[in-house]
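# Fold and contact review
Okay, here's what each chain looks like letter by letter:
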Amino acid sequence: MAKTSQSEVADPGLTDAGQARIEWADEQMPVLRQVRERFERERPLDGLTVGACLHVTAETAGLVRTLLAGGAEVALCASNPLSTQDEVAAALVDRYGAEVFAIQGEAPETYYRHIEAVCDKHPQVTLDDGADLISVLHGNRTVQLPEILGGTENTTTGAIRVRALEAAGKLAFPVVAVNEAATGRLLDNEYGTGQSTLDGILRATNLLLAGRRVVVVGFGACGRGVALRASGAGAQVIVCEVDPVRALGAAMEGYEVMPAVEAARVGDVFITVTGNRGVLTSDHFELMADGAILANAGHFDVEIDKPALASMSVSTRTVRPHVEEHTLADGRRINLLADGRVVNLAAAEGHPAAVMDMGFSAHALSVEHIARAAGALEKRVHPLPETIDAEIARLKLESLGMQIDDLTAAQLEYLHSWEQGT
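The notes below deal with the structure included here. (Residues numbered from 1 in each chain as written. Predicted model: local features only at pLDDT ≥ 70, side-chain atom pairs only at ≥ 80, totals over all residues. Heavy atoms only, no water.)

### Considering the packing of helix H5 (residues 108-119) against helix H6 (residues 132-139)
Where H5 meets H6, the axes come as close as 10 Å, and the angle between the chain directions of the two elements is 70 degrees. By the angle between their directions, the pair H5 and H6 is classed as roughly perpendicular. Within the contact between the two elements, H5 uses Tyr111, Tyr112, Ile115, Glu116, Val118 and Cys119 and H6 uses Asp132, Leu133, Val136 and Leu137. Here the contact of H5 with H6 is composed, by residue class, of eight nonpolar, no polar and two charged. (Axes fitted to C-alpha atoms, helices over the stretch in contact; angles between N-to-C directions. Helix = DSSP H or I, 4+ residues; strand = E, 2+ residues; numbered from the N terminus. Parallel < 35°, antiparallel > 145°, perpendicular 65-115°, else oblique. Contact = heavy atoms within 4.5 Å. Nonpolar A, V, L, I, M, F, W, Y, C, P; charged D, E, K, R; others polar.)

### Describing the pairing of strand E15 (residues 323-328)
Burial within E15 is extensive, with five of its six residues counted as buried. As defined by bridge partners, strand E14 (residues 313-320) adjoins E15 across six bridges and the pair is classed as antiparallel. Its bridge partner being in E15, Thr316 is matched across the sheet by His326. Judged from the five bridges that link them, E15 and strand E16 (residues 333-337) form a sheet pairing that is antiparallel. Considered in E16, the bridge of Thr327 is made with Arg333. In textbook terms, the turn of a hairpin is the stretch between consecutive antiparallel strands, and for E15 and E16 this stretch comprises four residues, one of which, Gly331, has a positive phi near 95 degrees. (Buried < 20%, exposed > 50% of the residue type's maximum accessible area, 1.4 Å probe, protein only. Pairing = 2+ DSSP bridges.)

### A closer look at the packing of helix H2 (residues 30-42) against helix H16 (residues 386-399)
At a minimum axis separation of 9 Å, H2 and H16 run at an interaxial angle of 115 degrees. Judged by the inter-axis angle, H2 sits roughly perpendicular to H16. Taken as a pair, H2 and H16 cross one another with a handedness that is right-handed. Contacts between H2 and H16 pair Pro30, Val31, Gln34 and Val35 from the former with Ile392, Leu395, Lys396, Glu398 and Ser399 from the latter. In terms of residue class, the contact of H2 with H16 is made up of five nonpolar, two polar and two charged. (Left-handed = near helix turned anticlockwise from the far one by under 90°.)

### Considerations on the nonpolar core
Among the nonpolar cores identified, the biggest contains 51 residues, and Val50, Leu67, Val100 and Leu127 are the most heavily contacted of them. A total of 10 residues in this core trace back to one element, the largest contributor, which is helix H15 (residues 353-373). Of all hydrophobic cores here, the second largest spans 29 residues; its members include Leu207, Val216, Ile271 and Ala297. (Core = buried A, V, L, I, M, F, W, Y, C linked by side-chain atoms within 4.5 Å.)

### Some points on helix H1 (residues 15-27)
Under the 1.5 Å per step criterion, the end-to-end length of H1 is 19 Å for 13 residues, consistent within 8% with the ideal 18 Å. Along H1, the residues that are buried comprise Thr15, Gly18, Ile22, Ala25 and Asp26. End-on view of H1: buried residues confined to an arc of 100 degrees, all on one side of the axis. In H1, the exposed residues that point more than 90 degrees away from the buried face are Asp16, Trp24 and Glu27. For H1, the elements touching its buried residues are H2, helix H3 (58-69), helix H4 (86-94) and H15. (Expected span 1.5 Å × (residues − 1). Arc of directions from axis to C-beta.)

### Describing the sheet that holds E16
Taken in spatial order, the eight strands make up an open sheet running E11-E10-E9-E12-E13-E16-E15-E14, and their pairing is mixed. Both outer strands of the open sheet, strand E11 (256-257) and E14, are each paired with one neighbouring strand and no more.

### As for the environment of His299
Position of His299 among the secondary structure elements: in the loop between strand E13 (292-296) and helix H13 (306-312). Put simply, His299 and Asp129 are 170 residues apart on the chain and 8.5 Å apart in space, counted from C-alpha to C-alpha. Those residues in contact with His299, other than ones at most four positions away along the chain, are His55, Ser79, Asp129, Gly130, Thr155, Thr157 and Val342.

### Describing the state of the cysteines
All told, the structure shown has zero disulfides when counted by the stated rule. Cys53 forms no disulfide, and the closest cysteine sulfur to it belongs to Cys77, at a distance of 3.7 Å. With no disulfide of its own, Cys222 lies 17 Å from the sulfur of Cys240, the closest cysteine sulfur. (Disulfide = S-S within 2.5 Å.)

### A closer look at the pattern of salt bridges
On inspection of all chains with the given rule, the structure shows 31 salt bridges. With its nearest N and O atoms 2.8 Å apart, the salt bridge here joins Glu368 to Arg38. Here Glu368, found in helix H15, pairs with Arg38, found in helix H2; they are 330 residues apart in sequence, far enough to count as distant. Exposure remark for Glu368: the relative accessible area of 8% places this residue in the buried category. What makes Arg38 partly exposed here is its relative accessible area of 22%. (Salt bridge = Lys/Arg side-chain N within 4 Å of Asp/Glu carboxyl O.)

### Observations concerning the pairing of strand E7 (residues 150-153)
Burial along E7 is two-sided: Gly150 and Thr152 and Gly151 and Glu153, pointing in opposite directions, are all buried. Across four bridges, strand E6 (residues 125-128) lies against E7 in parallel orientation. What sits directly across from Val125, in E7, is Gly150. Traced from E6 through H6 to E7, the parallel crossover comes out right-handed. Taken together, E7, helix H7 (residues 156-167) and strand E8 (residues 175-177) form a β-α-β motif whose crossover is right-handed. (Right-handed = clockwise from strand over helix to strand, strands pointing away.)

### Focus on the environment of Thr205
Examined against the element boundaries, Thr205 turns out to sit in helix H8 (residues 182-205). Note on Thr205: relative accessible area 14%, which makes it buried. Sequence-wise, Thr205 and Ala347 are 142 residues apart; in three dimensions their C-alpha atoms are separated by 9.8 Å. Within the structure, the side chain of Thr205 is placed 2.7 Å from the backbone oxygen of Ile201, a separation counted as a polar contact. (Polar contact = N/O pair within 3.5 Å; in protein donor to acceptor, adjacent residues only side chain to side chain.)

And the structure:
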């Protein structure tokens with residue numbers, strides 16, 4: 001661990017490697033580059049302090065650089081101790097001038113100390129991936145709440161936590177649910193989570209998925225993406241759901257649908273992607289076959305009941321990096337990946353940069369939106385403005401060399417007449 005100025009990173013000597021990694025990711029993020037170029041010209045964030053609790057990766061570095069280009073001061077901590085890329089943290093401090101408090105594998109007490117360090121910077125806008133920064137500010141930092149213009153949230157799980165604050169009448173500033181944008185749901189959740197979850201599982205296990213029974217618990221946008229990629233790899237996909245409409249959708253897409261307790265009897269690989277807790281418990285572990293593999297693609301490590309699995313185990317051992325084998329009293333072995341943390345980041349590198357290009361552009365433009373509104377937004381969870389969503393999609397299409405049609409004046413008039421009921 002090393003302290004550089006006000007920052008705390010693992011090793012400043014990793015700066016060159018970090019810069020190379022950041023530049024590689026930047027080549028695959030053309031939308032964010034265009035936003036950064038405009039920010040450099042217009043400086044819409046001059047004088048603004050931004051506090052961010054995000055995965056400290058090369059892709060996140062692109063967002064941090066964009067905010068800095070817009071004139072903001074940025075303090076960054078990790079939203080997951082296992083996803084931090086130490087070389088990126090070092091480069092952000094040394095080459096780009098951000099303040100970073102993140103060390104790969106940091107202990108829980110260090111993790112929360114780093115969140116407090118970001119709060120010490122008195123941010124006016126917050127960026128979150130799981131709502132930990134928002135939660136700390138609403139917990140023991142309430143004196144700072146009047147200083148904050150607004151925030152953004154990057155995950156479905158985090159949006160649930162923020163909406164709970166709103167429902168209780170405690171949310172003290174507006175929060176834009178970036179992940180719920182149309183571009184976010186399409187690219188980030190379905191294609192990003194789908195590919196990166198399978199990437200994490202395969203890196204951890206070197207497993208052949210073809211012919212395996214893969215159980216996907218949760219069939220929202222993320223679960224749909226995971227099921228699609230697993231099916232494409234030749235797996236027999238089983239879906240478990242509590243929502244009848246989503247379950248019907250899974251059945252219409254050709255997947256088997258059954259309760260999790262029944263799937264536990266026949267599955268080989270189990271992937272939780274619900275945003276809830278206690279999804280796989282001792283009731284399921286008792287029924288699983290020898291060699292079952294458990295992975296979590298939800299944000300927090302509570303979807304798989306780790307204490308229950310530990311209490312059922314007579315021994316545990318690490319058989320591969322990110323694979324912990326639990327031997328039960330009857331000799332069956334259950335393998336937990338990445339300590340039950342989000343497997344695509346803990347055992348791999350998260351979403352491809354081309355996916356994060358869209359989500360982080362939404363964050364950057366949302367910060368600009370909050371700054372321009374200057375306290376005029378209601379203290380509630382806001383959708384990403386449609387104009388921002390459309391602009392991101394337009395820039396992405398432009399970067400791909402694609403164009404779309406425009407409605408003619410006659411077509412616009414026709415649609416308007418229908419809207420007016422004439």
